[in-house]
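Each chain, written out:
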Amino acid sequence: MGSLERFYNYIDGAWTGSETYRMVDDPATGQPYAEIADASIGDADAAMASARRCVDSGALTSVRPAQRVSWLLAIAREIKALTEEAALVLSRENGKSLDIARGEFEESARYFEYYAGMADKIEGTSIPLGNGYVDFTSYEPMGVSVQIVPWNFPPSICARSLAPALAAGNAVVVKSPEVSPLAMTFLMTACERAGLPRGAVNLLCGAGAVVGAHLVEHAETNQIVFTGSVATGQRILRAAAERATPCVMEMGGKSAAIVHADADLDQVIASVEAGIFFNAGQVCSAMSRLLVHRSRMEEVCQRVTELTESLSIGAGITNPGLTPLVSEAQLTQVEGMCRRAIVEGATCITGGERVSGTSGYFMQPTVFTDVAVDSEIFQQEVFGPVLVIHAFDSEDEAVALANGTAFGLVAGVFDQHLDRALRTARRLRGGQVFINEWFAGGVETPFGGVGLSGYGREKGQQGLYGYVQTKNIAIRIAGE
Ligand code: NAD
């Protein structure tokens, strides 16, 4: 496969090859697109040693904080300059639409701008202890932050953690996903061009169970930031317990939107389109369940079906309404869950199968009703363009249904009565609730889960405080 374009790992300030290369497919065709150096345990050790040297040298922390502001702003500028080129790669390797791919790099740049604004404002407090004492707290970086990234939004999830970590003065080793690892390399290019100190960022693409697991267990790891599936997250947490390594965990979801009787259905349908068909539903905070007041059920089912029929299906590069899933494995998993839902007695009102006649990984937009609340399709994350619509009769029932899974990432309420919408929102279990627009919020708003969705918060001002630890210094002033 010598003719394929090659991508590399970024270790200790240098682009590094490997003895073996990992093939990356184009999900729209199922054909090989490019390849990337497959990191070894030795590469992981080299990256960790480089990050440790960066931390110990004080290259990020002995400078005035304004220097970190400059670096982060420069990274944002470089990402913007690379966006067109990088978005093309992301769309081809991931299947996502070119517009979403561009949006991911725009959002990545925004993370660096946003946390640049905080890098010189990480201020401690002074604590009064009476005469004879001075006491203050300061926020110190964790040290070497290991960040493990999934395949659904690789650059923006990487930037979401990398930007606050650098703002706070941590050195970072990023583990990219095995599927869709290419476009993340452009973030390293941006860091390199911005003149970050050597070792401040390192990027490794390697097998999760080998390189990822090694980083998690590494003696130099001071923090683990994980975004990915529940099963992997639980494995990481068990391993992290060995050294009591602090973790930020962003895992899956089975998020529900509640449609009250007087909801504006135009708002609802626009949010269904964004909530479950955006990125082919491969979104941790996807709206995978729509809980509808029984009086609006028929109308909602009809309008959602019309929406699915209006979606064009095609390669991401052509910007269709529905793009392929990232891999054959993901398509097989999504299709399997749909088949089991039908066996369990659910009614599939549209879709339910892969798109035939193509070698790409396309799944039909799919909608289920008549779903048992204890069934797999109601309880477990699908991570594809698959929506469950379920009726409720009372607000209490809607809240119980929404809260009735092991997850708790986001939720939504659609209602023209803001008082009831707000009351419902307060009762919903999750880190973020959207009222009248799914995905309202942004880089500025804290995000994270409860239950099996994980813990810790990313984004917003609060996100930065996941990358520091508090130190208190208490001074006895003799003679006072
Ligand atoms: P995954 O858990 O399979 O992999 C995620 C990352 O973990 C990859 O980089 C993988 O190589 C690595 N990994 C695998 N085994 C490991 C191990 N033993 N030790 C260390 N690292 C290991 O998840 P995925 O399939 O890439 O992503 C989809 C999942 O991610 C979904 O469940 C989705 O909900 C979740 N997700 C959550 C958020 C969030 O912010 N809450 C965002 C995006 C995706």
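What counts as what
Residues numbered from 1 in each chain as written. Predicted model: local features only at pLDDT ≥ 70, side-chain atom pairs only at ≥ 80, totals over all residues. Heavy atoms only, no water. 1 Å grid on protein atoms, 1.4 Å probe; cavity = no way out; pocket = protein on both sides within 12 Å on 5 of 7 lines; lining within 4 Å. Points joined across faces, edges and corners; volume = space filled by probe spheres on them. Helix = DSSP H or I, 4+ residues; strand = E, 2+ residues; numbered from the N terminus. Nonpolar A, V, L, I, M, F, W, Y, C, P; charged D, E, K, R; others polar. Axes fitted to C-alpha atoms, helices over the stretch in contact; angles between N-to-C directions. Parallel < 35°, antiparallel > 145°, perpendicular 65-115°, else oblique. Left-handed = near helix turned anticlockwise from the far one by under 90°. Contact = heavy atoms within 4.5 Å. Pairing = 2+ DSSP bridges. Salt bridge = Lys/Arg side-chain N within 4 Å of Asp/Glu carboxyl O. Buried < 20%, exposed > 50% of the residue type's maximum accessible area, 1.4 Å probe, protein only. Near = heavy atom within 4 Å. Polar contact = N/O pair within 3.5 Å; in protein donor to acceptor, adjacent residues only side chain to side chain. Sits in = over half its atoms within 2 Å of the grid points. UniProt positions renumbered as here; feature names shortened; annotations may be inferred.

### Quick look at empty space enclosed by the protein
Sizing a probe to match a water molecule and rolling it over the atoms shows the empty space that remains.
Thought 1: This model, assessed by the stated rule, comprises two cavities of 30 Å³ or more.
Thought 2: Counted as a void, the largest cavity has a volume near 80 Å³.
Thought 3: Taken together, 15 residues form the lining of the largest cavity, with Lys 254, Ala 402, Gly 408, Val 410 and Arg 429 sitting closest to its centre.
Thought 4: Taken together, the elements giving at least two residues each to the lining of the largest cavity come down to strand E12 (255-259) and strand E17 (410-414).
Thought 5: A breakdown of the residues in the lining of the largest cavity according to their chemical character gives seven nonpolar, five polar and three charged.
Thought 6: Computed from the structure, the second largest cavity encloses a volume of approximately 50 Å³.
Thought 7: Every residue lining the second largest cavity is listed: Gly 253, Ile 276, Gly 281, Val 283, Cys 284, Ala 286, Ser 288, Glu 381, Val 382, Phe 383, Gly 384 and Val 386.
Thought 8: In the lining of the second largest cavity, the residues fall into seven nonpolar, four polar and one charged.

### Things to note about the packing of helix H2 (residues 65-94) against helix H5 (residues 185-193)
Thought 1: Two elements in contact, H2 and H5, have axes separated by 9 Å at closest approach and are oriented at 150°. Between H2 and H5, the interaxial angle falls into the category roughly antiparallel. Between H2 and H5 lies a crossing whose hand is right-handed. Along the contact surface, H2 presents Ile 75, Glu 78, Ile 79, Leu 82, Glu 85, Ala 86 and Val 89, while H5 presents Phe 186, Leu 187, Thr 189, Ala 190, Cys 191 and Arg 193.

### What about the sheet that holds strand E14 (residues 347-350)?
Thought 1: Taking strand neighbours across the sheet as the criterion, the seven strands line up as E14-E15-E16-E13-E12-E17-E18 in an open arrangement whose pairing is mixed. Because the sheet does not close on itself, it has two edges, and the strands there are E14 and strand E18 (432-435). Strand-to-strand twist of the sheet, defined as the mean angle between neighbouring strand axes without regard to direction, takes the value 25°.
Thought 2: On top of the sheet, helix H13 (residues 418-427) reaches E12, E17 and E18; it is set at about 160° to E18, its chief contact.

### What about the pattern of salt bridges?
Thought 1: All told, the structure shown has 28 salt bridges when counted by the stated rule.
Thought 2: A salt bridge links Arg 53 to Asp 12; the shortest N-O distance between them is 3.4 Å. Residue Arg 53 is found in helix H1 (residues 41-57), and its partner Asp 12 is found in the loop between strand E2 (9-11) and strand E3 (14-16); the two are separated by 41 residues along the sequence.
Thought 3: Given a relative accessible area of 47%, Arg 53 falls into the partly exposed group.

### Observations concerning the site of the ligand
Thought 1: Near the ligand there are 30 residues, and of these Lys 175, Glu 178, Ser 229, Met 251 and Glu 381 occur at the shortest range.
Thought 2: In the environment of the ligand, an oxygen atom lies 3.0 Å from a nitrogen or oxygen atom belonging to the side chain of Arg 160.
Thought 3: The separation between an oxygen atom of the ligand and a polar side-chain atom of Glu 381 is 2.6 Å.
Thought 4: Here the ligand is seated within the largest pocket.

### With respect to the UniProt feature "active site" (unreviewed entry) in the chain
Thought 1: Mapped onto this numbering, the UniProt entry annotates "active site" (unreviewed entry) at Glu 250.
Thought 2: Classification of Glu 250 as buried rests on a relative accessible area of 2%.

### Observations regarding the environment of Ser 310
Thought 1: Summarising the element assignment, Ser 310 is placed in helix H9 (residues 297-310).
Thought 2: By relative accessible area, Ser 310 is classed as exposed at 54%.

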